[in-house]
Amino acid sequence: MANTKTEVDFEKVLKKRDLIAANFRWLFGSQICWNYERMMSTGYLYSILPTLRKLYKNDDDLKDMMNMHNQFFNTNPMVGGLILGMDMAIEEREKKASKEVVTGLKTGLMGPFAGVGDTIFGVILPTIFGSIAAYMGLQGNVTGVVIWVLVNILVVGARFALLPLGYRQGAKLVTEFADRLNALTDAAILLGVTVVGALIPTVITATVPFVYKSGKVELKMQDMLDQIMPSLVPVLLVALIYTLLGYKKMTSTKAILLVMVIAIILYNLKILG
């Protein structure tokens, strides 16, 4: 009878010190070399690089996985450790076979996690505790400063706990739910696409101010487009960018610059507002 890979005979490669090292790298280097083309990809690769070197002894496999992790990635750095921890757990067990699963997991989760992290750590906590601390400071009460410092210490502590949590949950994914990984990946990708789609009308603002006049007849182009589909112009702009990115020599930077040039020309022609 052939031996099968079970949880019992699975030898864990990553130790607690590896998680701590990755955690520190993520805390202090998640946004190094941040750019508009790949955003946090370099920081992510920097954080997981010691893990990759430990898991992939073959140089070709190591280069392949490094190239995969250096692709576009962007999420809230406060909660991104969860994704990193899950990634480490999956790659530890599945090695290079996990490439598609990890890619789907990162792509699908980075958008929703960014929304959650931005809301909690970027809006709620600074608004509540920042206003309290500022008000107490204006009254000459030093407790406001203490509160603000303590809150930020707690935030750092919470960030440090997220990567190990993600690692434990990632281990469960590849042991208890191994047969459902593909479904989970598809669901994560679908969720990410849904979030991106919902952001289009709320984040991107573009209108067509052109008004056709003939005698007493006045026809506003934007009203016509809204009747066809609200936020049609932002959707078309996003579709244009995605189409441009499909070309081999087109990069995110080139696409953004091209769209900016077109937008400036159309704005000056009073075609786009």
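In this report, we go over the structure that sits alongside the text.

The rules behind each value
- Residues numbered from 1 in each chain as written.
- Predicted model: local features only at pLDDT ≥ 70, side-chain atom pairs only at ≥ 80, totals over all residues.
- Heavy atoms only, no water.
- Pairing = 2+ DSSP bridges.
- Helix = DSSP H or I, 4+ residues; strand = E, 2+ residues; numbered from the N terminus.
- Polar contact = N/O pair within 3.5 Å; in protein donor to acceptor, adjacent residues only side chain to side chain.
- Contact = heavy atoms within 4.5 Å.
- Axes fitted to C-alpha atoms, helices over the stretch in contact; angles between N-to-C directions.
- Parallel < 35°, antiparallel > 145°, perpendicular 65-115°, else oblique.
- Left-handed = near helix turned anticlockwise from the far one by under 90°.
- Nonpolar A, V, L, I, M, F, W, Y, C, P; charged D, E, K, R; others polar.
- Salt bridge = Lys/Arg side-chain N within 4 Å of Asp/Glu carboxyl O.
- Buried < 20%, exposed > 50% of the residue type's maximum accessible area, 1.4 Å probe, protein only.
- Phe/Tyr/Trp six-rings, centres within 6.5 Å; stacked < 30°, edge-to-face > 60°.

1. Quick word on the pairing of strand 2 (residues 217-220)
Part 1 of the reasoning: Relative to strand 2, strand 1 (residues 211-214) is paired through 4 bridges, and the arrangement is antiparallel. Residue pairing across strands places Lys213 opposite Glu218, the latter belonging to strand 2.
Part 2 of the reasoning: Once strand 1 ends, the chain turns through 2 residues before running back antiparallel as strand 2, passing Gly215 with a positive phi of about 65°.

2. Quick notes on the side chain of Ser41
Part 1 of the reasoning: Mapped onto the fold, Ser41 is located in helix 2 (residues 41-55).
Part 2 of the reasoning: Among the polar contacts listed, one links the side chain of Ser41 to the backbone oxygen of Asn70, at a separation of 3.4 Å.
Part 3 of the reasoning: Contact partners of Ser41, with chain neighbours within four places excluded, come to His69, Asn70, Gln71 and Phe73.

3. Regarding the packing of helix 2 against helix 3 (residues 59-69)
Part 1 of the reasoning: Helix 3 packs onto helix 2 with a crossing angle of 155° between their chain directions and a minimal axis gap of 9 Å. Between helix 2 and helix 3, the angle is such that the two are roughly antiparallel. As helix 2 packs across helix 3, the resulting crossing turns out to be right-handed. Along the contact surface, helix 2 presents Ser41, Tyr44, Leu45, Ile48, Leu49, Leu52 and Arg53, while helix 3 presents Leu62, Met65, Met66 and His69.
Part 2 of the reasoning: Residue composition of the contact of helix 2 with helix 3, by class: 8 nonpolar, 2 polar and 1 charged.

4. Section: the pattern of salt bridges
Part 1 of the reasoning: Across all of its chains, the model carries 4 salt bridges by this definition.
Part 2 of the reasoning: When the shortest N-O distance is used, the salt bridge between Asp18 and Lys54 registers 2.7 Å. With Asp18 in helix 1 (residues 16-29) and Lys54 in helix 2, this residue pair connects regions lying 36 residues apart in the sequence.
Part 3 of the reasoning: Owing to a relative accessible area of 26%, Lys54 belongs among the partly exposed residues under this scheme.
Part 4 of the reasoning: A salt bridge links Asp61 to Lys96; the shortest N-O distance between them is 3.3 Å. Taken together, the residues span a long stretch of sequence, with Asp61 in helix 3 and Lys96 in the loop between helix 4 (80-94) and helix 5 (99-138) at a distance of 35 residues.
Part 5 of the reasoning: The class for Asp61 is partly exposed, based on a relative accessible area of 25%.
Part 6 of the reasoning: With relative accessibility at 33%, the residue Lys96 sits in the partly exposed group.
Part 7 of the reasoning: Connected via shared salt-bridge partners are Asp61, Asp64, Lys96 and Lys99.

5. Description of the packing of aromatic side chains
Part 1 of the reasoning: For the coordinates displayed, the defined rule picks out 5 aromatic pairs.
Part 2 of the reasoning: On the numbers, 6.2 Å between centres and 80° between planes, the contact of Trp26 with Tyr44 is edge-to-face. Residue Trp26 is found in helix 1, and its partner Tyr44 is found in helix 2; the two are separated by 18 residues along the sequence.
Part 3 of the reasoning: Here the aromatic rings of Tyr44 and Phe73 are separated by 4.8 Å at their centres, their planes lie at 55°, and the arrangement is tilted. Residue Tyr44 is found in helix 2, and its partner Phe73 is found in the loop between helix 3 and helix 4; the two are separated by 29 residues along the sequence.
Part 4 of the reasoning: The class for Tyr44 is buried, based on a relative accessible area of 0%.
Part 5 of the reasoning: Among the aromatic residues, ring-to-ring pairing joins Phe24, Phe28 and Phe160 into one connected group.

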